Amino acid sequence: MTSQLTASTATPVLRVPPASPAAAAAYFGASLAFHADVSDVAAALAADGDPGFVVLDSRSTASWDQGHIPGAVHLPTALIAEQARDLLDPAVPVVTYCWGPGCNGATRAALALAELGYQVKEMLGGFEYWAREGFEFETWEGRERRTADPLTAPVDSDDCGC
């Protein structure tokens with residue numbers, strides 16, 4: 001059954017109609033090629049063996065000291081052009097992160113790396129969601145873990161089911 005909505009009767013959500021299924025599949029498929037989820041990154045790093053990628057923290061040294069993902073490479077975005085080749089293997093994909101969803105530092109870092117020829121994804125949620133989901137992180141004082149925020153991670157399961 002097809003419903004005809006006019007601009008005057010459509011809700012704000014449907015004033016611009018949804019994309020065709022083919023266009024939606026292309027868009028969301030492309031999105032997954034560019035982005036990684038915090039939980040998926042954590043699971044890959046926690047599994048035995050090589051996860052197949054390196055995690056890159058693109059924030060300042062002060063931010064890095066405040067907290068970062070264990071095993072991440074620290075390379076501030078402004079230094080990528082001059083230091084990436086010394087720190088990263090061009091054959092290994094890179095997953096970038098910065099503070100969180102309100103920061104585009106990981107996007108800028110991913111762009112800089114892609115322009116140098118690296119395969120790259122951005123970790124959605126950044127360090128904020130890493131910590132909020134209860135994953136261990138390092139500070140200048142040592143390792144730390146916070147209780148998972150029930151608004152960002154399942155309370156009684158390791159898997160959100162999505």
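Residue indices follow the written sequence of each chain, beginning from 1 at its first position. The predicted nature of this model means local features are confined to residues of pLDDT at least 70 and side-chain atom pairs, given and counted, to a pLDDT of 80 or more, with totals for whole chains, interfaces and linings taken over all residues. Water and hydrogen atoms were dropped before computing side-chain values, which therefore reflect all heavy atoms in the structure.

**Quick look at the sheet that holds strand β4 (residues 94-97)**
Taking strand neighbours across the sheet as the criterion, the five strands line up as β1-β5-β4-β2-β3 in an open arrangement whose pairing is parallel. The open sheet has two edge strands with one neighbour each: β1 (35-37) and β3 (73-74). Here, any two strands with at least 2 DSSP bridges between them count as paired. Helical segments are the DSSP runs of H or I of at least four residues, strand segments are the runs of E of at least two, and each set is numbered from the N terminus. In this sheet, β4 lies alongside strand β2 (residues 54-57) in parallel orientation, the contact comprising four bridges. Within β4, the residue paired with Val54 across the bridge is Val94. Contacts between residues were defined by any pair of non-hydrogen atoms, one from each residue, lying within 4.5 Å. Only the contacting stretch of a helix is used when fitting its axis, a line to C-alpha atoms as for every element, and angles between N-to-C directions run 0 to 180 degrees. Contacts from helix α1 (residues 21-34) reach β1 and β5 (120-124), with the element oriented near 95° to β5.

**Points about the nonpolar core**
By convention a nonpolar core is built from buried Ala, Val, Leu, Ile, Met, Phe, Trp, Tyr and Cys residues, the set being connected through side-chain atoms within 4.5 Å. For every residue, the accessible area obtained with a 1.4 Å probe (protein chains only) is divided by the maximum for its type, and the residue is called buried under 20%, exposed over 50%, and partly exposed between those limits. Counting residues in each nonpolar core, the largest one holds 16 residues, and the members touching the most others are Val41, Val55, Ile69, Tyr97, Met123 and Trp130. When residues of this core are traced back to their parent elements, those giving at least two are α2 (38-46), β4 and α6 (126-132). Not counting the four nearest positions on each side in its chain, Val41 is found in contact with Ala36, Phe53, Val55, Val95, Met123 and Trp130. Counting 13 residues, the second largest nonpolar core, distinct from the first, contains Ala84, Leu88, Ala109 and Tyr118.

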